[in-house]
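Close look at the chain arrangement
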Amino acid sequence: MLMHIQVDLICKLRGLLDIQLECRERKFMKTITNNTEAEIVEKRSKFISNLYYVETVEQAANKLKEIKKRYNDARHNCFAYRVCEKNTIVERASDDGEPSGTAGAPMLNLLSKSDLTNCLVIVTRYFGGILLGTGGLVRAYSQAANNATEKAKIIKKELGYE
């Protein structure tokens, strides 16, 4: 619980989260088997969420570049990921120009609370002309990410085996 509070505080202060956590001694990890996409509209702003299975930080960065190319006319491409590399869970989130703590942190919180690993969620926002406020942004980004997560097939993967 204390770790989540610290993570939220760091994210609010910096707007960008890059933390490494030790992998717990566990035999399984929860992840997804299929990439998904979902879309919501909130006060004329369109939020397109993409959830991907990734195994490395490099794969996550490449997927992010791919999405930024695909939606090159979008205002924001916010993201969060949790990747297990070398017995360490690497977590990172970005608000991509949105007010600090309104996009990346809520999405990372969703991944963390769902205990999903090796997942990248990117939510692309097309601004609709109406300001949503910080609470509205948090709700919209959380809902968009949640919709993509609900569409995904979640499995428990045994660690140490392919």
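Residues numbered from 1 in each chain as written. Predicted model: local features only at pLDDT ≥ 70, side-chain atom pairs only at ≥ 80, totals over all residues. Heavy atoms only, no water.

**Some words on unusual backbone geometry**
Applied cut-off: Here a strand is any run of E in DSSP of at least two residues, a helix any run of H or I of at least four, and the numbering for each starts at the N terminus. Buried residues are those whose accessible area, probed at 1.4 Å on protein chains only, stays under 20% of the maximum for their type, while exposed residues exceed 50% and partly exposed ones sit between those limits.
Positive phi, normally seen in glycine, also occurs at Asp-96, with a value near 45°. Mapped onto the secondary structure, Asp-96 falls in the loop between β6 (88-94) and α3 (104-113). Phi is positive for Asp-115, close to 60°, though the residue is something other than glycine. Residue Asp-115 is classed as partly exposed on the basis of its relative accessible area, which comes to 21%.

**Considering the confidence of the model for the protein chain**
Let me state the cut-off plainly: Confidence of the predictor in every single residue is expressed as pLDDT, which spans 0 to 100. Any two residues whose heavy atoms approach within 4.5 Å are treated as being in contact.
Confidence in the prediction of the protein chain, expressed as mean pLDDT, is 86, and 81% of residues score 70 or more. Note on residues 1-7: pLDDT under 50 across the span, and six contacts to partners over four residues away in sequence or across chains. In the predicted structure, residues 9-22 sits below a pLDDT of 50 and forms 39 contacts with residues beyond four places in sequence or in another chain.

**Quick notes on the pattern of salt bridges**
For clarity, the cut-off: Whenever Lys or Arg places a side-chain nitrogen within 4 Å of a carboxyl oxygen from Asp or Glu, that contact is recorded as a salt bridge.
Under the definition given, this model contains five salt bridges. Glu-91 is the salt-bridge partner of Arg-82, the closest N and O atoms lying 2.7 Å from each other. According to the relative accessible area criterion, Arg-82 is buried, its value standing at 2%. Arg-82 serves as the salt-bridge partner of Asp-115, at 3.9 Å between the closest nitrogen and oxygen. Highlighted residues: Asp-115 in the loop between α3 and β7 (119-126) and Arg-82 in strand β5 (residues 76-85), separated in sequence by 33 residues.

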